[in-house]
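# A look at the structure
Each chain, letter by letter, is given below.
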Amino acid sequence: MSYKHHLSFTYLSQEDLLNAGCLDMQMVMDIAEKGMFEFERHHVIFPEKIVQIFNQATQERINCLPATLLDEKVCGVKWVSVFPLNPSQHDQQNLSAIFILSEIETGFPICVMEGTLASNMRVAAMGGIAAKHLARPDSAVIGFIGAGEQAKMHLIAMKAVCPGLKQCRVAAYLVAHEEQFIAELSPLYPEMEFVSTNTNAQQAMEDADILVTATSAQAPLLKAAWMKPGAFYSHVGGWEDEFEVALQADKIVCDDWETVTHRTQTLSRMYKEGLINASHIHADLHELVSGKKPGRESESERIYFNAVGLAYIDVAIATAMFNRARENQQGTQLDLQQSMVFEHPDLKSKLKR
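Residues numbered from 1 in each chain as written. Predicted model: local features only at pLDDT ≥ 70, side-chain atom pairs only at ≥ 80, totals over all residues. Heavy atoms only, no water.

Let us look at the overall build of the chain. A count of helices and strands for the chain gives 13 helices and 16 strands. For 353 residues, the compact-globule estimate of 2.2 N^0.38 gives 20 Å, and the C-alpha radius of gyration of the chain, at 22 Å, lies within 12% of that figure. Each of the 353 residues in the chain was classed as buried or not, and the buried ones make up 52%. Taking the contacts inside the chain whose residues are at least 6 apart along the sequence as the reference set, 68% of them involve residues at least 24 apart. When the accessible surface of the chain is summed, it comes to about 16300 Å², and 52% of that surface belongs to carbon and sulfur atoms. Each charge sign in the chain was given a centre, from 30 positive and 44 negative side chains, and these centres are 5 Å apart. (Helix = DSSP H or I, 4+ residues; strand = E, 2+ residues; numbered from the N terminus. Rg over C-alpha atoms; globule rule 2.2 N^0.38 Å. Buried < 20%, exposed > 50% of the residue type's maximum accessible area, 1.4 Å probe, protein only. Contact = heavy atoms within 4.5 Å. Areas by Shrake-Rupley, 256 points an atom, 1.4 Å probe, with all protein chains shown as cover. Lys, Arg positive; Asp, Glu negative; His and termini not counted. Charge placed at Lys NZ, Arg CZ, Asp CG, Glu CD.)

With that settled, the discussion passes to the side chain of glutamine 167. For glutamine 167, the location among the structural elements is in strand S9 (residues 167–171). Note on glutamine 167: relative accessible area 17%, which makes it buried. A distance of 2.8 Å separates a polar atom in the side chain of glutamine 167 from a polar atom in the side chain of arginine 169. Residue contacts for glutamine 167: discarding those within four places in its chain leaves Ala140, Val141, Ile142, Met192, Glu193 and Val195. (Polar contact = N/O pair within 3.5 Å; in protein donor to acceptor, adjacent residues only side chain to side chain.)

Another aspect to go through is the sheet that holds strand S13 (residues 251–254). Strand order in the open sheet made by the eight strands is S10-S9-S8-S11-S12-S15-S13-S14, with parallel pairing throughout. With one partner strand each, in any of the chains shown, strand S10 (193–196) and strand S14 (283–284) form the two edges of the open sheet. In the sheet, strand S8 (residues 141–145) pairs with S9 via five bridges, with the strands oriented parallel. Residue pairing across strands places phenylalanine 144 opposite valine 170, the latter belonging to S9. Sheet strands touched by helix H4 (residues 116–134): strand S12 (232–235), S13 and strand S15 (303–306). Its angle to S12, the strand with the most contacts, is close to 160°. (Pairing = 2+ DSSP bridges. Axes fitted to C-alpha atoms, helices over the stretch in contact; angles between N-to-C directions.)

Glancing now at the domain arrangement of the chain. Each assigned domain of the chain is listed here: domain 1 (7–117 + 311–350) and domain 2 (135–306). One C-alpha centre belongs to domain 1, the other to domain 2; they are set 27 Å apart. With 17 residues of domain 1 at the interface, the matching set in domain 2 holds 19 residues. Contact between domain 1 and domain 2 buries roughly 1500 Å² in total, counting both sides, with carbon and sulfur atoms accounting for 68%. When the area that domain 1 buries against domain 2 is broken down by residue, the three leading residues are Met25, Met36 and Glu40, summing to 34%. Here arginine 263 makes a salt bridge to glutamate 48, at a shortest N to O gap of 2.9 Å. Of all the elements, helix H2 (residues 25–40) adds the most residues to the side of domain 1 that touches domain 2, at seven residues. (Domains from an automatic or database assignment. Buried area = accessible area lost by both parts, 1.4 Å probe. Salt bridge = Lys/Arg side-chain N within 4 Å of Asp/Glu carboxyl O.)

Right under this line is the structure:
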């Protein structure tokens, strides 16, 4: 039986997205850059995200990040949880996310999708785009503090924009995590040398051309003395580096400085303590992408990049993944409703008295 007011949406699991070919870092970086152009043209609606922190010490939280892409006529929201203690306490990932996408002609939902893949790829894509403009083209060594999903995605993005990377060093809280990182990533890049540092962060970072911190720690793990002239640093997590790392930088670039001032990252803490302000920020990333401001201008510049996450980029990536999944006939069509409530012919039997 057909119903006049039947509504349905597409459900996409992570496996649906992978089967559709969405683990495509170049696509995600292209979409992120396009989103930044649309942001500059004021073609996105970008409200402040809603943050609910349940533990200030560990930053266990659930965030709600909405945005609308006016050109694509899509409004979306990412519902993302970050529970840093999950790996140690529950042997589970520390981040999980889900997206809801709606079209804005009638306002109906069109997709509910697993969001951890898109979220982790967005983090890495922003780091990769920044590296394209800010890392030395001859970068050969990349060092990681952290060996989780976002660190792994970051290597994929960095290798895409810096194909000359030859060595990857990794330091994690446990040697087992370093070994897992290498076991999972080395088959993807057999031409690279992978080095486990036995949890020695200095060994991972010292003399590296590209430095990445991707941890759930709230401590100054990266020391300024480990960042050589000419290095590019991509800061992924919260507070994970000494203030001096930023203070010695020749350039500081953010995904969005105004957003950074309301967060809890290293730069956010420094801003709240009066150590830096807008005059210390060279650019927001979209200004490099559009050419309004220069990227790296010398081989010796130390450059600091901090991304806190922009909802319109998340929604743009999720929309692109949804479109690719549809093209590849992935996903499950689910009913939201078959008809409006009072159109059900057997409604009397469902009314509880």
